[in-house]
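# Observations on the three-dimensional arrangement
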Amino acid sequence: MILQRKYERDKLIMDKKELAKDKQIQLYLLLLVILLIVIFDGVSLLLVKKIYRDHFKKNLKIIKENEEIINQYAYQLKELKLKENQTIESSKEKIGKLNQKILLLANENREIRENICVNAVFLLDQLKKNALIVKRMSKNEKSQIFEYVDLLFGNYVSRLRKEYELTENNIMLATLLKIGFSSKELMFVLDCEMNSVFKMKQRLKDKLHLCNKDSLEEFIALY
């Protein structure tokens with residue numbers, strides 16, 4: 001009887017050890033699966049970002065090349081209109097063809113810019129929802145927002161770059177203010193305290209050569 005109890009007790013201990021061992025193996029397998037998923041997601045994200053970045057650079061290159069060709073065509077049009085030694089029909093035909101080429105290139109640029117706008121609107125929406133912060137954005141993502149704001153407000157960002165000596169942080173702050181981000185929203189998207197937001201605004205005012213009594217928001221709204 002005693003031997004039987006001892007046997008049952010030893011068997012129970014062994015069963016518990018086996019169960020604990022099985023659970024440990026399952027835990028290791030689970031951790032391995034999680035690790036593989038994290039690695040896979042990380043690699044996938046890097047690949048997507050690279051494709052996204054390359055696509056954005058390619059689009060900007062196309063826009064620039066198209067604008068250069070449009071300028072060339074515009075110059076040719078001007079030359080044709082100034083020449084008096086060609087027949088009216090010949091001039092009209094060449095002018096018509098050049099106008100058509102300019103229209104096609106302009107439409108292509110417009111479509112590319114619309115695609116850029118879609119991405120920029122998504123990024124701004126993520127910022128508004130506090131699902132994204134500025135310091136985690138890539139350089140290309142910031143460029144898309146700058147390009148979008150340029151289209152909305154008559155080369156707003158490009159004019160700021162040209163007329164003032166601003167850092168990229170200054171430009172981003174000026175851009176978010178132009179779109180209408182409040183100080184509270186800026187605190188979240190810039191990942192800082194309210195005091196830091198006020199300091200950044202003051203630095204931007206100094207860069208824009210504004211006096212203390214001048215309103216930064218009013219200046220940006222009218223700029």
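Residues numbered from 1 in each chain as written. Predicted model: local features only at pLDDT ≥ 70, side-chain atom pairs only at ≥ 80, totals over all residues. Heavy atoms only, no water.

## Notes on the nonpolar core
The biggest cluster of nonpolar side chains holds 37 residues, and the ones touching the most others in it are Leu-127, Leu-160, Leu-176, Leu-186, Leu-190 and Leu-204. Of all elements in the fold, only α2 (88-128), α3 (139-152), α4 (156-163), α5 (168-179), α6 (183-189), α7 (194-207) and α8 (216-222) reach the threshold of two or more residues within this core. Other than its neighbours up to four places away in sequence, Leu-127 contacts Leu-132, Ile-133, Val-134, Met-137, Ile-145, Leu-176, Phe-181 and Val-189. Listed in part, the 5 residues of the second largest apolar core include Ile-70, Tyr-73, Ile-102 and Leu-105. (Core = buried A, V, L, I, M, F, W, Y, C linked by side-chain atoms within 4.5 Å. Buried < 20%, exposed > 50% of the residue type's maximum accessible area, 1.4 Å probe, protein only. Helix = DSSP H or I, 4+ residues; strand = E, 2+ residues; numbered from the N terminus. Contact = heavy atoms within 4.5 Å.)

## Re α3
Given a rise of 1.5 Å per residue, 14 residues ought to cover 20 Å, and the 20 Å separating the end C-alpha atoms of α3 matches this to within 8%. What α3 keeps buried is the set Asn-140, Glu-141, Gln-144, Ile-145, Phe-146, Glu-147, Tyr-148, Val-149 and Asp-150. Positive phi appears at Gly-154, one or two residues downstream of α3, with a value of about 55°. (Expected span 1.5 Å × (residues − 1).)

## Points about the packing of aromatic side chains
Scanning the entire structure with this criterion turns up 3 aromatic pairs. A ring pair is formed by Tyr-164 and Tyr-223, whose centres lie 6.3 Å apart and whose planes are at 55°; its orientation type is tilted. Residue Tyr-164 is located in the loop between α4 and α5, and its partner Tyr-223 is located in the segment after α8; the two are separated by 59 residues in the primary sequence. Every member of this aromatic cluster is reached through a ring pair, and the members are Tyr-156, Tyr-164, Phe-219 and Tyr-223. (Phe/Tyr/Trp six-rings, centres within 6.5 Å; stacked < 30°, edge-to-face > 60°.)

## Notes on a nonpolar patch on the surface
Together, Ile-25, Leu-29, Leu-32, Leu-35, Leu-36 and Ile-39 make up an exposed nonpolar region whose accessible area comes to about 560 Å². Secondary-structure assignment places Leu-35 in helix α1 (residues 2-82). (Patch = residues over 30% accessible without salt bridge, like charges linked within 9 Å, V, L, I, M, F, W, Y side chains within 5 Å. Areas by Shrake-Rupley, 256 points an atom, 1.4 Å probe, with all protein chains shown as cover. Salt bridge = Lys/Arg side-chain N within 4 Å of Asp/Glu carboxyl O.)

## Thoughts on the pattern of salt bridges
Per the stated rule, a full pass over the model turns up 5 salt bridges. Among the ionic pairs, Glu-185 bridges to Lys-128, the shortest N-O distance being 3.1 Å. Of this pair, Glu-185 sits in helix α6 while Lys-128 is found in helix α2, placing the two residues 57 residues apart along the sequence.

## Some words on the packing of α3 against α4
It is at 6 Å that the axes of α3 and α4 come closest, and there the two elements cross at 100°. Classified by the angle their axes make, α3 and α4 are roughly perpendicular. Across the interface between the two elements, Phe-146, Val-149 and Asp-150 of α3 pack against Tyr-156, Val-157, Ser-158 and Arg-161 of α4. A per-class count over the contact of α3 with α4 returns 4 nonpolar, 1 polar and 2 charged. (Axes fitted to C-alpha atoms, helices over the stretch in contact; angles between N-to-C directions. Parallel < 35°, antiparallel > 145°, perpendicular 65-115°, else oblique. Nonpolar A, V, L, I, M, F, W, Y, C, P; charged D, E, K, R; others polar.)

## Comments concerning the side chain of Lys-178
Assignment of secondary structure puts Lys-178 in helix α5. The buried charged residue Lys-178 lacks any salt bridge, with Asp-150 as its nearest oppositely charged partner at 10 Å. A distance of 2.8 Å separates a polar atom in the side chain of Lys-178 from the backbone oxygen of Ile-220. (Lys, Arg positive; Asp, Glu negative; His and termini not counted. Polar contact = N/O pair within 3.5 Å; in protein donor to acceptor, adjacent residues only side chain to side chain.)

## What about the packing of α4 against α5?
Viewed as axis vectors pointing N to C, α4 and α5 meet at an angle of 140°, and their least axial separation amounts to 11 Å. Taken together, α4 and α5 sit at an angle that is classed as oblique. Crossing of α4 over α5 shows right-handed handedness. Contacts from Tyr-156, Val-157, Leu-160 and Arg-161 of α4 reach α5 at Glu-168, Ile-171, Ala-174, Thr-175 and Lys-178. Of the residues belonging to the contact of α4 with α5, the class tally is 5 nonpolar, 1 polar and 3 charged. (Left-handed = near helix turned anticlockwise from the far one by under 90°.)

## What to know about the environment of Asp-214
Along the chain, the position of Asp-214 falls in the loop between α7 and α8. Classification of Asp-214 as partly exposed rests on a relative accessible area of 30%. A polar side-chain atom of Asp-214 sits 2.8 Å from the main-chain amide nitrogen of Cys-211.

## A short note on α4
Side chains of residues three or four places apart in an α-helix project in the same direction, reflecting 3.6 residues per turn. Where α4 is concerned, the buried positions are Tyr-156, Val-157 and Leu-160. In a view along the axis of α4, the buried residues occupy a sector of 95°, so they form one face of it. Buried positions along α4 lie against α3, α5 and α8. (Arc of directions from axis to C-beta.)

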